[in-house]
Amino acid sequence: MNALRHNVCTADLVVRTRAELRTRRCAVRLLVTALLLIAGTATASADFAHFVHSLWPQAHTRGVSRATFDAAFQGVTPDPDVIERTHKQAEFLKPIGDYLATAVSEKRIGNGRLKAREWKEILEKVERIYGVDPYVVLGVWGMETNFGGYVGDKYVIRALATLAYARYRGDYFKKELLSALRVLQAGHVQVKDMQGSWAGAMGQTQFMPSSFNHYAVDFDGDGHKDIWTNIPDALASTANYLKKHGWIAGETWGYEVLLPAGLEASGGASHYRPFAHWAAQGVSRVDGEAMPREGEAAVITPAGARGPAFLVTRNFKVIKTYNNSTSYALGVALLGDRIAGWPALKASWPTAAR
């Protein structure tokens, strides 16, 4: 009996020892994993800090002071959410019909009409100076930030530094980051107020920093180019941007049209011909109005032959310089038209057409 008890106790001891060994091995693995993660985070942080440090000579040559540089990067770390958002750009992922249903919603149209009345005098003055259709300016404002309702929740310097450090799109975001430092240096916005999108687009109408430095204007003459809180500055800056990119004053962006059989696949977005040419080919406006006597346009069918067709002028291409997406440009153009009182599209978008 004592021998049996001894054998049982010995076996129990072995089992407990093996269990403890497995537990200890698991604990060691967890500890090693944690240490590797900590080391990896520390290495990444050190690499990011080195990247920021390497920017100083380039910022300095662009007129940025050490005080501005240090204030801009104080406490800045990489933002993992920014990298995640690079895969979720709606104008390139959503079916065009779904995208435009949101972009040109009845709620947004109604809000746009309120803003058109509220800022009527400023919009008229902007049109006189820059020659840009005020409803296209409203379309951009509505598409970018829902008329200032949401300008972004990212600190622009952190967002751009994250993208630049990750070398997303090569050196593009590094250049934008250096441009953003120049905006801070000029005193147009304080560090705490430099909010924007995950990609660094800033203010009411979402200028990238380089665009801000080239096209932002101090419309009200207060000494600051403020596209964050100053709506006249934001609207005028957008109009100036479009003008400098080739907007043709007095010309439409385009029309929804009906195409004769076989014409939908011809030409393309760069196949500009006089409006009279398209009329002679049997193309007609869905609103029943005559084609303009002057100007040129091209046929586009963004969803193929089963979806709406448009004649678009070079002004449509100018809108695309703001965001190089046909869905986006149509969103701007159609939202502006609806705010102006034009009816909705006659043709329907086919299901799931991208």
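Every residue gets a number counted from 1 within its own chain, in the order that chain's sequence is written. The predicted origin of the model limits local features to residues at a pLDDT of at least 70 and limits the giving and counting of side-chain atom pairs to 80 or more, whereas totals for whole chains, interfaces and linings rest on all residues. Note that the side-chain values use all heavy atoms of the structure and ignore hydrogens as well as water.

A. Spotlight on the packing of aromatic side chains. The criterion for an aromatic pair is that two Phe, Tyr or Trp rings (for Trp, the six-membered ring) have centres within 6.5 Å, with stacked assigned to planes under 30 degrees apart, edge-to-face to planes over 60 apart and tilted to the rest. With the rule as written, the count across this model stands at 17 aromatic pairs. Centre to centre, the rings of Trp 141 and Phe 147 are 5.6 Å apart; their planes meet at 80°, and the pair counts as edge-to-face. Each residue gets one of three labels from its accessible area relative to the maximum for its type: buried under 20%, exposed over 50%, partly exposed in between, using a 1.4 Å probe on protein chains only. Residue Phe 147 is classed as buried on the basis of its relative accessible area, which comes to 4%. Look at Phe 207 and Tyr 241: their rings are 5.8 Å apart centre to centre, the planes differ by 45°, and that puts the pair in the tilted class.

B. Spotlight on the sheet that holds strand 6 (residues 296–300). Here, strands pair whenever DSSP counts at least two bridges between them. Helix and strand assignments follow DSSP, with helices taken as H or I runs no shorter than four residues and strands as E runs no shorter than two, numbered in order from the N terminus. With antiparallel pairing, the 5 strands of this open sheet are ordered in space as 4-6-7-3-5. Bordering the open sheet on either side are strand 4 (273–274) and strand 5 (284–285), each of which pairs with just one other strand.

C. Expanded view of the nonpolar core. Among the buried residues, those of types Ala, Val, Leu, Ile, Met, Phe, Trp, Tyr and Cys that are joined through side-chain atoms within 4.5 Å form a nonpolar core. If you look at the biggest cluster of nonpolar residues, it comprises 87 residues, and the most contacted ones within it are Phe 69, Phe 73, Ile 157, Leu 181, Met 194, Trp 253 and Leu 330. Per element, the largest residue contribution to this core is 8 residues, and it comes from helix 15 (residues 326–340). What Phe 73 contacts, discounting residues up to four positions off in sequence, is Val 52, Leu 55, Ile 157, Ala 161, Leu 177 and Leu 181. One finds Val 257, Met 291, Ala 297 and Val 299 within the second-largest nonpolar core, a separate group that totals 11 residues. In this analysis, two residues are considered to be in contact whenever any of their non-hydrogen atoms come within 4.5 Å of each other.

D. Structural context of helix 8 (residues 134–145). What a helix should span is 1.5 Å times the count of its residues minus one. Compared with the 16 Å implied by 1.5 Å per residue over 12 residues, the 17 Å span of helix 8 between its first and last C-alpha is a close match. Within helix 8, 11 of the 12 residues are buried, leaving the element largely enclosed by the surrounding structure. For helix 8, the full list of buried residues reads Pro 134, Val 136, Val 137, Leu 138, Gly 139, Val 140, Trp 141, Gly 142, Met 143, Glu 144 and Thr 145. On its buried side, helix 8 packs onto helix 5 (96–103), helix 6 (106–118), helix 7 (120–130), helix 12 (231–244), helix 14 (314–322) and helix 15. We call two N or O atoms a polar contact when they sit within 3.5 Å, provided that within protein one can donate a hydrogen and the other can accept it, with sequence-adjacent residues counted only if both atoms are side-chain atoms. Residue Asp 133 occupies the N-cap position of helix 8, its side-chain oxygen lying 2.9 Å from the main-chain nitrogen of Tyr 135.

E. Broad picture of the packing of helix 8 against helix 15. Only C-alpha atoms enter the line fits that serve as axes; for helices the fit covers just the stretch in contact. Angles between N-to-C directions range over 0 to 180 degrees. Close contact between helix 8 and helix 15 brings their axes to 8 Å; oriented N to C, the two are set at 120°. Comparing their axes, helix 15 and helix 8 come out oblique. Between helix 8 and helix 15 lies a crossing whose hand is right-handed. Mapping the contact onto sequence places Tyr 135, Val 136, Leu 138, Gly 139, Val 140, Gly 142, Met 143 and Glu 144 in helix 8 and Tyr 328, Gly 331, Val 332, Leu 335, Gly 336, Ile 339 and Ala 340 in helix 15. In the scheme used here, Gly and all other residues not listed as nonpolar or charged are polar, with Ala, Val, Leu, Ile, Met, Phe, Trp, Tyr, Cys and Pro taken as nonpolar and Asp, Glu, Lys and Arg as charged. Residues of the contact of helix 8 with helix 15, tallied by class, amount to 10 nonpolar, 4 polar and 1 charged. Angular relationships are summarised with four words: roughly parallel below 35 degrees, roughly antiparallel beyond 145, roughly perpendicular across 65 to 115, and oblique for the angles in between. In this scheme the handedness of a crossing depends on how the near helix is turned from the far one: anticlockwise by less than a right angle means left-handed, clockwise means right-handed.

F. Local environment of helix 12. Relative to the 20 Å expected for 14 residues at 1.5 Å per residue, helix 12 spans 20 Å between its end C-alpha atoms, a close match to the ideal helical length. Of all 14 residues making up helix 12, 12 are buried, and the element is well covered by its neighbours. Listed as buried for helix 12 are Ile 231, Pro 232, Asp 233, Ala 234, Leu 235, Ala 236, Ser 237, Thr 238, Ala 239, Asn 240, Tyr 241 and Leu 242. In this fold, the buried residues of helix 12 make contact with helix 7, helix 8, helix 11 (209–215) and helix 14. The opening residue of helix 12, the one whose side-chain oxygen lies 3.0 Å from the backbone nitrogen of Asp 233, is Asn 230.

G. Examining the confidence of the model for the protein more closely. When the pLDDT values of the protein are averaged, the result is 87; 84% of them are 70 or greater. The predictor rates its confidence in each residue with pLDDT, a number between 0 and 100. This stretch, residues 1–21, has a pLDDT under 50; its non-local contacts, to residues over four places away or in other chains, come to 0 contacts. Predicted confidence is poor over residues 26–40, with pLDDT under 50, and the contacts of this stretch with residues over four places away or in other chains come to 0 contacts.

H. Summary view of the packing of helix 7 against helix 12. For the pair helix 7 and helix 12, the least separation of the axes is 10 Å and the interaxial angle reads 25°. Judged by the inter-axis angle, helix 7 sits roughly parallel to helix 12. Note that helix 7 runs across helix 12; the crossing there is right-handed. Judged by residue contacts, Ile 122, Leu 123, Val 126, Ile 129 and Tyr 130 of helix 7 engage Pro 232, Leu 235, Ala 236, Ala 239, Asn 240 and Lys 243 from helix 12.

I. Here's a closer look at the layout of surface pockets. For each structure, a 1 Å grid was placed over the protein atoms alone; sets of points admitting a 1.4 Å probe that cannot get out are labelled cavities, open sets with protein on both sides within 12 Å along at least five of seven lines are labelled pockets, and lining residues have an atom within 4 Å of a point. Grid points are joined across faces, edges and corners, and a volume is the space filled by probe spheres set on the points. Reported here for the second largest pocket is a volume of approximately 670 Å³. As for the second largest pocket, its lining consists of 29 residues, of which Leu 334, Asp 337, Pro 343, Ala 344 and Leu 345 are closest to the centre. Secondary-structure elements contributing two or more residues to the lining of the second largest pocket are helix 5, strand 3 (254–258) and helix 15. Ranked by residue count, the leading element in the lining of the second largest pocket is helix 15, at 5 residues.

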